[in-house]
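Chain and residue survey
Listed below are the residues making up each chain.
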Amino acid sequence: MRFFVPSGDDGGTVIRLYKPGDRGVVREICRATAYGGEGVGLVEPELFVDLLTRYFTDFADRSLWVAARGERVVGYLAGCLDERRFHRVQVGKVVPAALARAIFRRGLLVRRELWRLLGSFPRFAASGGLRASPEETIYPGHLHVNLLDGFRGRSLGSRLVECFLGEARAHGLPGARAVVYESNQPARRFFERLGFHPLARRPAFKPPPREGGREWKIVYGKEL
């Protein structure tokens, strides 16, 4: 297993490939950092985490890296290297199982928040939320990266991204993309510093703000 030692005063934190024993903490970091922190706004946290991480923890190889300080995992990057397989596994295995658990074990269908979210779907679709930009097809790799508070700004995020981009180049991918909320200026600056550029602007499908309005996402891409 390869280890990558990041630069900066990160206190000995290293970047390494995911191990099965990391699964629980990766899921918790995903939940805790959702929508800007502490999982605020999640209708069903376990469903959200399943949809966002289970392909990478349970079905993919060399697609998940963690930042670890000793035995403690403080962040991760999940990166898709085979989009066709990703969608096949999501549709055939991840989504049905996740929905079944959420509906039959955790009573998802009686949650008011779910119906509020579903009520926003027509507007989401009409705003172009289901349409991908034609330019995105040349950036088939995609990634998301999450770090706990207190471990940002130490070069860990950039080293995680570089690990994924190196693997993507080795697989012959021509480009990679990432999605961030338009209002998340630190995340936007982070990807722009790494050479990503905006490809498209899309509405976000998430519980609508109580004060009304709509949140937007920016799709970023980088050629490899």
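Residues numbered from 1 in each chain as written. Predicted model: local features only at pLDDT ≥ 70, side-chain atom pairs only at ≥ 80, totals over all residues. Heavy atoms only, no water.

1. Brief notes about the side chain of N146
For N146, the position within the fold is in strand β5 (residues 141–147). If we ignore the near neighbours within four places in the chain, the residues touching N146 are I29, C30, T33, G75 and Y76. (Helix = DSSP H or I, 4+ residues; strand = E, 2+ residues; numbered from the N terminus. Contact = heavy atoms within 4.5 Å.)

2. A short note on the pairing of strand β3 (residues 64–69)
In terms of residue burial, β3 counts as a mostly covered element, since five of its six residues are buried. Both strand β2 (residues 14–17) and β3 contribute to a ladder of four bridges, which runs antiparallel. Within β3, the residue paired with L17 across the bridge is W65. Sheet topology places β3 next to strand β4 (residues 72–80); six bridges connect them, and they run antiparallel. What sits directly across from A68, in β4, is V73. Where β3 folds back on β4, the antiparallel hairpin that results is connected by two residues, among which G70 adopts a positive phi of roughly 65 degrees. (Buried < 20%, exposed > 50% of the residue type's maximum accessible area, 1.4 Å probe, protein only. Pairing = 2+ DSSP bridges.)

3. Topic: the packing of helix α1 (residues 23–33) against helix α2 (residues 45–59)
One way to put it is that α1 packs onto α2 with a least axis distance of 9 Å and a crossing angle of 135 degrees. Relative to α2, α1 is oriented oblique. Once α1 is placed against α2, the crossing between them reads as right-handed. Along the contact surface, α1 presents R23, V26, R27, C30 and R31, while α2 presents P45, E46, F48, V49, D50, L52, T53, R54, T57 and D58. In terms of residue class, the contact of α1 with α2 is made up of six nonpolar, two polar and seven charged. (Axes fitted to C-alpha atoms, helices over the stretch in contact; angles between N-to-C directions. Parallel < 35°, antiparallel > 145°, perpendicular 65-115°, else oblique. Left-handed = near helix turned anticlockwise from the far one by under 90°. Nonpolar A, V, L, I, M, F, W, Y, C, P; charged D, E, K, R; others polar.)

4. Thoughts on the side chain of T53
Among the secondary structure elements, T53 is positioned in helix α2. In terms of polar contacts, T53 uses its side chain to reach the backbone carbonyl oxygen of V49, at 2.8 Å. Discounting residues that sit within four places of it in the chain, T53 has contacts with R27, C30 and Y76. (Polar contact = N/O pair within 3.5 Å; in protein donor to acceptor, adjacent residues only side chain to side chain.)

5. Quick notes on the confidence of the model for the protein
Taken over all residues, the pLDDT of the protein has a mean of 83, while the share at 70 or more is 78%. Note on residues 1–9: pLDDT is under 50 here. Beyond four places in sequence and across chains, it has 27 contacts. (pLDDT = per-residue confidence, 0-100.)

6. Section: α2
Look at α2: 20 Å from first C-alpha to last across 15 residues, which is about the 21 Å you get at 1.5 Å a residue. Burial in α2 covers these residues: L47, F48, V49, D50, T53, R54, Y55, F56 and T57. On its buried face, α2 sits against α1, β3, β4, α3 (83–105) and β5. Measuring from the side-chain oxygen of the N-cap residue of α2 to the backbone nitrogen of E46 gives 3.1 Å; that N-cap residue is E44. (Expected span 1.5 Å × (residues − 1).)

7. A closer look at the environment of K93
If you trace the backbone, K93 turns up in helix α3. With 39 residues separating them along the chain, K93 and R54 place their C-alpha atoms 9.7 Å apart. When residues no more than four places from it in sequence are discounted, the contact partners of K93 are R54 and F59.

8. What about the packing of aromatic side chains?
By convention here, two paired aromatic rings are described through the distance between centres and the angle between planes. Enumeration according to the criterion identifies seven aromatic pairs in this entry. An angle of 85 degrees between the planes, with centres 5.2 Å apart, marks the rings of Y55 and F56 as edge-to-face. Given the relative accessible area of 4%, F56 is considered buried. Taking 5.1 Å as the distance between ring centres and 90 degrees as the angle between the ring planes, the aromatic pair formed by Y55 and F86 counts as edge-to-face. Here the residue Y55 occupies a position in helix α2, and F86 occupies one in helix α3, the gap between them amounting to 31 residues. F86 carries the same exposure label as Y55, and that label is buried. Joined through ring pairs, the aromatic side chains of F190, F191, F196 and Y220 make up one cluster. Positioned over the ring face of W216 is R201, at 4.0 Å from the centre of the ring. (Phe/Tyr/Trp six-rings, centres within 6.5 Å; stacked < 30°, edge-to-face > 60°. Lys NZ or Arg CZ within 6 Å of the ring centre and 35° of its normal.)

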